[in-house]
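Examination of the molecular architecture
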Amino acid sequence: MGYLKTMPSKDGFFGEFGGAFIPPQLEPHFKEIAEAYERLAVDSSYIAELRYIRKHFQGRPTPVQHAKNLSNAMGGAQIYLKREDLNHTGAHKLNHCMGEALLAKFMGKKKLIAETGAGQHGVALATAASYFGMECEIHMGEVDIAKEHPNVVRMKLLGAKVVPVSFGAKTLKEAVDSAFMSYLEQTEDAIYAIGSVVGPHPFPKMVRDFQSVMGFEAKDQFLEMTGNNPDHVVACVGGGSNAMGLFSGFIDDDQVQLHGVEPHGTGTELGKHAATITYGEPGQIHGFKCIMLKDENGEPAPVHSIASGLDYPGVGPEHSYLHTIGKVQYGSASDEETLKAFYALSRHEGIIPALESSHAIAYAMKMAISHPGESILVNLSGRGDKDIDYVTEKFGFGDDFKL
Ligand SMILES: *Cc1c(COP(=O)(O)O)cnc(C)c1O
């Protein structure tokens, strides 16, 4: 049997990682979601509607592009891009948000609840809610609200209610707590929609399955273009959903080497990076077990990345597992390498990539030099329009970052 059918276990474990460590009053509601998902994942009307949405609303399949100019500039391996930046809303997150919202619809729910950090998940979920005519409630720390103004505006335009979270550090962790509390009060009408392959079971499995559409598309597209599988498949890892999605298409092909790229930020000390698998240890965060970065008290450590979508002190349980068994190689890209890739892709290929995706590009560029004659498929998980003001105000137009 294929890997995806055997992992995770029935109660959501990938080896020692995963599970659902949640307050007892939440347990029946996560069970309800898990059971509904198991039922609907093989329901032909659910599958047909999701396919229809992908084609006619999201604009799938997204293309695979041979990045010829970038490959020539690096002078080694051939680099290919899975263009998730062309998915509606400009990133891969809508793939799982549409799946989750459709699940809510089939469960008879009328409302979607979630937290958001930088606002990307909030925008994608608000988009899904609007499509289905559902209510949407997004919890966001006040610090993040001030920092991510355009995404707050987008969520409101899409009809979502943005709930400011004003306790603690007023960022993502508090937003999670606030969203869980609100969900507990309205479990009849609402479902909780997590934004990556993290959180309690069934979310790591469910989000992976929704994102696997990228991997299955890319496998066929790459075969059609080249007659082969890629030698390497590369994706950035925050929580790990875009990576698990692309990896899913190739995970049973032992000759394809999979690479996850973590943000190495500005240095190796705690607080300067978010390279969870590279430096972390097993622990428990937000209701599941994974490899995580801990501070001296064993609490989730402060993290940094130039890409706000990657700065999370945990990582999906499946990545923790795939690292432990040696199936996926995990490496990293620093902020500086990431900026170089951001400018290079813009200038050489006519694509402004998200800073998150630029980590994967940076890693592929480094790898290309030492792997001549091979092929590297990189997930371009999102477009960089959201990042252009920040990057150009801080670093200009890339004259210091030429190849
Ligand atoms: C959120 C985000 C990521 C990181 O999330 P994963 O779950 O690790 O994929 C990566 N790229 C883009 C464009 C994002 O918006």
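Since this is a predicted model, take the numbers as computed values, not measurements. (Residues numbered from 1 in each chain as written. Predicted model: local features only at pLDDT ≥ 70, side-chain atom pairs only at ≥ 80, totals over all residues. Heavy atoms only, no water.)

1. Re the overall build of the protein chain
Worth spelling out the cut-off: Secondary structure counts use DSSP, requiring at least four H or I residues in a row for a helix and at least two E residues in a row for a strand, with both numbered from the N terminus. In this treatment the radius of gyration is a C-alpha quantity, and the globule benchmark scales as 2.2 Å times the residue count to the 0.38 power. Buried residues are those whose accessible area, probed at 1.4 Å on protein chains only, stays under 20% of the maximum for their type, while exposed residues exceed 50% and partly exposed ones sit between those limits. By definition in these notes, contact holds between two residues if any of their heavy atoms fall within 4.5 Å. For this count, His and the chain ends are skipped, Lys and Arg are scored as positive, and Asp and Glu as negative. Charge positions are represented by NZ for Lys, CZ for Arg, CG for Asp and CD for Glu.
A tally of helices and strands in the protein chain yields 16 helices and 14 strands. For 403 residues, the compact-globule estimate of 2.2 N^0.38 gives 22 Å, and the protein chain sits close to it at 20 Å. Taking the principal axes of its C-alpha atoms as reference, the protein chain extends roughly 55 × 45 × 40 Å. Here the protein chain holds 403 residues, and the buried ones make up 59% of them. Within the protein chain, residue pairs in contact and separated by at least 24 positions form 73% of the contacts whose partners lie at least 6 positions apart. Computed over 36 positive and 50 negative side-chain charges, the inter-centroid distance for the protein chain is 4 Å.

2. With respect to the packing of aromatic side chains
Rule in force here: Ring pairs shown here join Phe, Tyr and Trp side chains whose ring centres sit within 6.5 Å, with only the six-membered ring taken for Trp; geometry is labelled stacked below 30 degrees between planes, edge-to-face above 60, and tilted in between.
Applying the stated criterion to the full structure yields 15 aromatic pairs. Ring-pair connections join several aromatic residues into one group, and the members of that group are Phe 30, Phe 180, Tyr 183, Tyr 192 and Phe 203.

3. Here's the deal with the UniProt feature "domain: Tryptophan synthase beta chain-like PALP" (unreviewed entry) in the protein chain
We count it as follows: UniProt positions are given in the numbering used here, feature names are shortened, and annotations may be inferred rather than shown by experiment.
Here, UniProt's "domain: Tryptophan synthase beta chain-like PALP" (unreviewed entry) annotation points to residues 59–382. The span residues 59–382 is 42% helix and 21% strand, and its two end C-alpha atoms sit 14 Å from each other.

4. A look at the UniProt feature "modified residue: N6-(pyridoxal phosphate)lysine" (unreviewed entry) in the protein chain
Mapped onto this structure's residue numbering, the UniProt feature "modified residue: N6-(pyridoxal phosphate)lysine" (unreviewed entry) falls at Lys 93. Mapped onto the secondary structure, Lys 93 falls in helix H5 (residues 93–106). Lys 93 has contacts with Gln 120, His 121, Ala 124, Gly 195 and Gln 211, leaving out every residue within four places of it along the chain.

5. Concerning the domain arrangement of the protein chain
Threshold: Each domain's extent was defined by an automatic or database domain assignment. Two parts placed together each lose some accessible area under a 1.4 Å probe, and the buried area is that loss summed for both.
For the protein chain, the assigned domains read domain 1 (22–55 + 93–203) and domain 2 (59–90 + 211–395). Between the C-alpha centres of domain 1 and domain 2 there is a distance of 24 Å. Carbon and sulfur atoms supply 59% of the area that domain 1 and domain 2 bury against each other, a total of about 1700 Å² over both sides. When residues of domain 1 are sorted by the area they lose upon contact with domain 2, Arg 54, Asn 95 and Val 197 head the list and together hold 33% of the total.

6. Quick notes on the side chain of Ser 248
Convention followed: Pairing of N or O atoms within 3.5 Å defines a polar contact, subject to two protein rules: one partner must be a possible hydrogen donor and the other a possible acceptor, and residues neighboring in sequence count only if both atoms are side-chain atoms.
The residue Ser 248 is located in helix H11 (residues 241–248) in this model. The exposure class of Ser 248 is buried, given its relative accessible area of 4%. At 2.7 Å, the side chain of Ser 248 forms a polar contact with the backbone oxygen of Met 244.

7. Observations concerning the nonpolar core
Applicable threshold: Residues enter a nonpolar core if they are buried and are Ala, Val, Leu, Ile, Met, Phe, Trp, Tyr or Cys, with the set joined through side-chain atoms within 4.5 Å.
Ranked by size, the top nonpolar core spans 84 residues in total, and within it Leu 103 and Leu 377 carry the most contacts. Residue-level mapping places this core at the junction of two domains, with at least three residues from each of domain 1 (22–55 + 93–203) and domain 2 (59–90 + 211–395). With residues up to four places along the chain from it excluded, the contact list for Leu 377 reads Val 64, Tyr 80, Leu 81, Lys 82, Ala 218, Phe 222, Pro 230, His 232, Val 233, Val 234, Leu 246 and Phe 250. Counting 34 residues, the second largest nonpolar core, distinct from the first, contains Ile 79, Ile 351, Met 365 and Val 378.

8. Remarks on the site of the ligand
As a reminder, the rule being used: If a single non-hydrogen atom of a residue is within 4 Å of a molecule or strand, that residue counts as near it.
Close to the ligand lie 17 residues; Lys 93, Ser 196, Gly 240, Ser 241 and Ser 381 are nearest. Here an oxygen atom of the ligand sits 2.8 Å away from a polar atom, N or O, in the main chain of Gly 238. The contact in question runs from an oxygen atom of the ligand to an N or O atom on the side chain of Ser 241, over 2.7 Å. Counting contributing residues, the shell around the ligand receives three or more from each of domain 1 (22–55 + 93–203) and domain 2 (59–90 + 211–395).

9. A closer look at the sheet that holds strand S7 (residues 161–165)
Backbone-to-backbone hydrogen bonds pair the strands of a sheet. The strands run either parallel or antiparallel. Convention followed: Should DSSP find at least two bridges between two strands, the strands are regarded as paired. Geometry is summarised by axes, namely lines fitted to C-alpha atoms with helices restricted to the contacting stretch, and by angles between N-to-C directions that run from 0 to 180 degrees.
Taken together, the four strands give an open sheet; going across it, the order is S7-S6-S5-S8, and neighbouring strands pair in parallel fashion. Only two strands of the sheet have a single neighbouring strand rather than two, namely S7 and strand S8 (190–192). On average, adjacent strands in this sheet sit at an angle of 25° to one another, irrespective of strand direction. Note: strand S6 (residues 135–141) against S7, five bridges, orientation parallel. Within the sheet, the bridge partner assigned to His 139 lies in S7 and is Val 163. Its contacts with the sheet put helix H8 (residues 149–157) on strand S5 (111–116), S6 and S7, and the angle it makes with S6 is roughly 165°.

10. Here's the deal with helix H13 (residues 317–324)
Most of H13 is tucked away, with six of its eight residues classed as buried. Listed in full, the buried residues belonging to H13 are Pro 317, Glu 318, His 319, Ser 320, Tyr 321 and Leu 322. Within two residues after H13, Gly 326 carries a phi angle of roughly 75°, on the positive side.

11. As for the sheet that holds strand S10 (residues 257–265)
Reading across the sheet, the six strands line up as S3-S4-S14-S9-S10-S13 and stay open at both edges, with mixed pairing between neighbours. The outermost strands of the open sheet, each flanked by one partner alone, are strand S3 (64–66) and strand S13 (328–334). Each neighbouring strand pair of the sheet contributes to a mean axis angle of 30°, computed without reference to strand direction. Here strand S9 (residues 232–236) runs beside S10; their pairing, made up of five bridges, is parallel. Within S10, the position partnered with His 232 by the bridge is Gln 257.

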